[in-house]
Amino acid sequence: MGSVVQNDKKVARRARIRGGIAVLALTAIASGCAQGGGGPAGSRPAAGQQPGQAPPERALDKYADELRADHAARVAAAKRWGLKKVPLVAPAPPEKKPRITTRDGFEVDGHEELGLPPVFTTVPTKDKVVFLTIDDGAEKDPAFLRMMTELRVPYTAFLSDYLVKENYDYFEKMQDAGVGLNNHTLHHPYLPGLSYKRQKHEICGMQDVIEERYGKRPTLFRPPFGTYNRDTLRAAKACGVKYAPLWNEEVFVDRWEYREWDRDLHPGDIVLSHFRGREDWKGSMPDMIRRFLNKVTEKGYAVARLEDYL
């Protein structure tokens, strides 16, 4: 499990590198276009070099080929999974993370003074991105894993042990693909109805399960049903939780639901869905993802990884 602990850092680092190389490539290609045939007549390469064989040019050619192949693969995957358009690619993760605070009206008594985890529904960013989060772990559809891997769509999972223990390996495959596995309690209870001690057992117990099974103690916790009280956040903090993200929209197989009056997406919105299948929905998880991606892509949004902004 040692390599698993480095998963988040590797994913974020690769995304930053891809973003930096893309900018460099575009700049260099533009420069190369200006030079090709536009220089002084009879100009020659510097001593020791041959025309068209400079290492940077070869590197750019290789990278351009990789970009074309990558785009072709994404086009093919979008077609294979029945999407209307190819999903947009998220920008590189921000080097300076935004400051996360509790949304107005979502505070508990002493929230800031006690340093309790912030409760938020949107990440402050100007990037036109949204974040997909999926809760509980009831449905374990192999087609969903294939779809998300082939489309390269990031998401964050919030798991409850009473559901995931039926097949821990399924979520290990998810983690191997770069997905963050986070805390949604052991048994998915209505937490405000429990004592502080029992809430702490539910939250810390799930921390222990994820650390034991997947090698990393989560820092993100989502209370079941989105309900919590002061004891919930006190217990979460005691268990090592740093953030308590909720959501601004929820997507199902057949519809969207919205928290805001304008019933629209906004930069940095967190979108909720669930691990559900045909027993609970009028369709499968791939059907839900199609509805999700068709809308966000049509609206000009890319899907980014929540942990990259925290």
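Every chain begins its residue count from 1, and numbering advances along the sequence as written. Reporting of local features is limited, given that this is a predicted model, to residues whose pLDDT is at least 70; pairs of side-chain atoms are given and counted only at 80 or more, and all residues count toward the totals for whole chains, interfaces and linings. Side-chain metrics in this entry use all non-hydrogen atoms of the structure; hydrogen atoms and water are not considered.

Participant: I tried to follow the overall build of the protein on my own but got confused; where do I start?
Facilitator: Helical segments are the DSSP runs of H or I of at least four residues, strand segments are the runs of E of at least two, and each set is numbered from the N terminus. In terms of helices and strands, the protein carries 8 helices and 9 strands. Exposure categories follow from relative accessible area, calculated using a 1.4 Å probe and restricted to protein chains: below 20% of the type maximum is buried, above 50% is exposed, and the middle band is partly exposed. Expressed as a percentage of the 310 residues in the protein, the buried residues total 46%. Partitioning the intrachain contacts of the protein with sequence separation of at least 6 by distance along the chain shows that 72% fall at a separation of at least 24. On the protein, roughly 16,300 Å² of surface is accessible, and the fraction owed to carbon and sulfur atoms is 51%. In what follows, a contact means two residues having at least one pair of non-hydrogen atoms within 4.5 Å. The method behind every accessible area is Shrake-Rupley, applied with a 1.4 Å probe, and residues are considered shielded solely by the protein chains displayed.

Participant: Sorry, what's going on with the state of the cysteines here?
Facilitator: Two cysteines whose sulfur atoms are joined by a covalent bond form what is called a disulfide. Count a disulfide wherever a pair of cysteine sulfur atoms falls within 2.5 Å. Applying the stated criterion across every chain, the model contains 1 disulfide. Between the sulfur of Cys-204 and that of Cys-239 lies a disulfide, 1.8 Å long from S to S. An S-S torsion of about -100° defines the bridge between Cys-204 and Cys-239 as left-handed. One end of the pair, Cys-204, is in helix H6 (residues 196-214); the other, Cys-239, is in the loop between helix H7 (230-238) and strand S5 (244-245), with 35 residues separating them in the sequence. The class for Cys-204 is buried, based on a relative accessible area of 15%. Its relative accessible area of 3% is what places Cys-239 among the buried residues.

Participant: Just checking my understanding: could you explain the packing of helix H3 (residues 142-151) against helix H8 (residues 285-298) for this structure?
Facilitator: Two measures define how a pair of helices packs: the angle their axes make with one another and the distance between the axes. Axis separation between H3 and H8 bottoms out at 8 Å; the angle between their running directions is 30°. Contact with H3, carried on its side by Ala-143, Phe-144, Met-147, Met-148 and Leu-151, involves Met-285, Pro-286, Ile-289, Arg-290 and Leu-293 of H8 and no other residues of that element. The residue classification treats Ala, Val, Leu, Ile, Met, Phe, Trp, Tyr, Cys and Pro as nonpolar and Asp, Glu, Lys and Arg as charged. All others, Gly included, are polar. By residue class, the composition of the contact of H3 with H8 is 9 nonpolar, no polar and 1 charged. A fitted line through C-alpha atoms represents every axis, and for helices the fit uses only the stretch in contact; the resulting angles, taken between N-to-C directions, go from 0 to 180 degrees.

Participant: What's the story with unusual backbone geometry in this structure? I'm lost.
Facilitator: Residues apart from glycine generally show negative phi values, whereas peptide bonds are mostly found in trans. Here Asp-136, not a glycine, exhibits a phi torsion of approximately 85°, which is positive. A relative accessible area of 2% means that Asp-136 is categorised as buried.

Participant: What is the right way to read the side chain of Ser-273 from this model?
Facilitator: By the secondary structure assignment, Ser-273 is in strand S8 (residues 270-274). When its relative accessible area of 0% is taken as the criterion, Ser-273 is described as buried. A distance of 3.0 Å separates the side chain of Ser-273 from the backbone oxygen of Val-251, its partner in a polar contact. Leave out the neighbours within four places in its chain, and Ser-273 touches Thr-133, Ile-134, Asp-135, Val-251, Trp-281 and Met-288. By the criterion applied in these results, polar contacts are pairs of N or O atoms within 3.5 Å in which, for protein atoms, one can donate a hydrogen and the other can accept it, and in which residues neighboring in sequence qualify only through two side-chain atoms.

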